[in-house]
Amino acid sequence: MHTLRNIFNRQKKALFFLLALFVIGWAFTEYRPFFGGLILGSLFGLYNFWILVRRMERFDQSISGGKETKSIGGTALRFGSGVAAAAIALSMPEEFNLISTVIGLMIPYILLLVDRIVVHVKHF
């Protein structure tokens with residue numbers, strides 16, 4: 001069984017690889033706003049995923065300790081960071097494409113789905 005921290009570390013490595021590809025695309029193509037949006041969205045998506053992992057670990061510790069938990073804070077932070085990424089993309093449309101920013105926000109979750117499928121196929 002993989003721990004949530006191991007899954008997050010594996011996702012972080014894959015996302016940093018994608019970010020390197022996005023930076024290369026940003027630097028060497030004329031699609032700078034598109035790749036800029038992917039970079040912006042991916043960074044905020046990684047932040048959202050990190051918040052999710054941190055909240056899940058706190059939730060697990062609270063349940064193990066028999067304490068009561070609160071869960072609305074992580075959702076509000078993730079929603080707020082998504083709004084912040086969209087606001088940055090909207091305020092600087094010459095630097096960031098809004099659609100690619102939204103796609104970038106979802107990349108960590110797409111990577112998580114692909115990772116789970118690969119692990120499932122390997123082990124079953």
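Look above for the structure.
Residues numbered from 1 in each chain as written. Predicted model: local features only at pLDDT ≥ 70, side-chain atom pairs only at ≥ 80, totals over all residues. Heavy atoms only, no water.

Counting residues in each nonpolar core, the largest one holds 12 residues, listed as Phe8, Leu15, Leu19, Phe22, Phe35, Leu38, Ile39, Leu46, Phe49, Val53, Ile107 and Leu111. Mapped onto this core, the elements with two or more residues apiece are α1 (4-28), α2 (32-65) and α4 (98-123). If one sorts the elements of this core by residue count, α2 sits on top with six residues. Dropping the residues within four chain positions of it, leucine 46 is found in contact with Phe8, Lys12, Leu15, Phe16 and Pro108. If you look at the next biggest cluster of nonpolar residues, it comprises six residues, including Leu40, Phe44, Ala89 and Phe96. (Core = buried A, V, L, I, M, F, W, Y, C linked by side-chain atoms within 4.5 Å. Buried < 20%, exposed > 50% of the residue type's maximum accessible area, 1.4 Å probe, protein only. Helix = DSSP H or I, 4+ residues; strand = E, 2+ residues; numbered from the N terminus. Contact = heavy atoms within 4.5 Å.)

With that settled, the discussion passes to the packing of α1 against α4. Where α1 contacts α4, the axes come no closer than 10 Å and their chain directions differ by 125°. Here α4 runs oblique to α1, going by the angle between their axes. Remark: the crossing between α1 and α4 carries right-handed chirality. Contact residues: Ile7, Arg10, Gln11, Ala14, Leu15, Leu18 and Phe22 in α1; Ile107, Pro108, Leu111, Leu112, Asp115, Arg116 and Val119 in α4. In terms of residue class, the contact of α1 with α4 is built from 10 nonpolar, one polar and three charged. (Axes fitted to C-alpha atoms, helices over the stretch in contact; angles between N-to-C directions. Parallel < 35°, antiparallel > 145°, perpendicular 65-115°, else oblique. Left-handed = near helix turned anticlockwise from the far one by under 90°. Nonpolar A, V, L, I, M, F, W, Y, C, P; charged D, E, K, R; others polar.)

Next up on the list: the packing of α2 against α4. Across the interface, α2 lies against α4 with an axial gap of 6 Å and an inter-helix angle of 45°. The angle between α2 and α4 places the two elements in the oblique class. For the pair α2 and α4, the crossing hand works out as right-handed. Among the residues forming the contact of α2 with α4, the class breakdown is 14 nonpolar, eight polar and no charged.

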